[in-house]
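Here is how the chains run, residue by residue.
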Amino acid sequence: MPPTPSAAWKYFTRSSDKKSATCNLCGVNLTYVQAGTTSNLLNHISNKHPSSASSNDAGDSKKQSSMSSFLSTPKKVCFRK
């Protein structure tokens, strides 16, 4: 199964040499390695454009729950005899 494209590509356009990407919201050019990760691109969106990131990615079902919500949610345990 091929990997799912990153949510970063909603906000960035890859350069032709695939070594950088330009933010579609503010025009900043960030380094991007094709075989690497898009973490720096996603960090840019969440830090510089938080309202865009939170409103557009709210329905992303692949986000992890926070550790605090995991720990504070009681779980039912069933033991069989």
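It should be noted that the structure appears before, not after, this text.
Keep in mind the model is a prediction, meaning the values are calculated, not measured. (Residues numbered from 1 in each chain as written. Predicted model: local features only at pLDDT ≥ 70, side-chain atom pairs only at ≥ 80, totals over all residues. Heavy atoms only, no water.)

## Quick notes on the overall build of the protein chain
Okay, so step 1: Of regular secondary structure, the protein chain possesses three helices and three strands.
Okay, so step 2: Burial analysis of the protein chain (81 residues in total) assigns 19% to the buried set.
Okay, so step 3: Across the protein chain, the fraction of contacts at a sequence separation of at least 24, relative to all contacts at a separation of at least 6, is 30%. (Helix = DSSP H or I, 4+ residues; strand = E, 2+ residues; numbered from the N terminus. Buried < 20%, exposed > 50% of the residue type's maximum accessible area, 1.4 Å probe, protein only. Contact = heavy atoms within 4.5 Å.)

## A short note on helix H1 (residues 39-48)
Given 3.6 residues per helical turn, the α-helix brings residues three or four places apart onto the same face.
Okay, so step 1: Buried within H1 are the following residues: Leu41, His44 and Ile45. The buried residues of H1 occupy an angular sector of 95° when the element is viewed end-on, so they sit on one face. (Arc of directions from axis to C-beta.)

## Observations regarding the nonpolar core
Okay, so step 1: Residues Ala8, Trp9, Tyr11, Phe12, Ala21, Cys23, Tyr32, Leu41, Ile45 and Ala53 constitute the largest nonpolar core, which totals ten residues.
Okay, so step 2: Counting residues per element, the ones that place at least two in this core are strand E2 (20-23) and H1.
Okay, so step 3: Apart from residues lying up to four places away in sequence, Ala8 is in contact with Thr38, Leu41 and Leu42. (Core = buried A, V, L, I, M, F, W, Y, C linked by side-chain atoms within 4.5 Å.)

## Things to note about the sheet that holds strand E1 (residues 12-14)
Okay, so step 1: Pairing is antiparallel in the open sheet, where three strands are placed in the order E1-E2-E3. Looking at strand neighbours, the two that pair on one side only are E1 and strand E3 (29-31), the edges of this open sheet. Between one strand and the next, the sheet's axes are offset by a mean angle of 30°, whatever the strand orientation.
Okay, so step 2: Here E1 pairs with E2 via three bridges, running antiparallel. Bridging from a neighbouring strand, Thr13 pairs with Thr22 of E2.
Okay, so step 3: Here H1 sits on the sheet in contact with E1, E2 and E3, set at roughly 145° to E3. (Pairing = 2+ DSSP bridges. Axes fitted to C-alpha atoms, helices over the stretch in contact; angles between N-to-C directions.)

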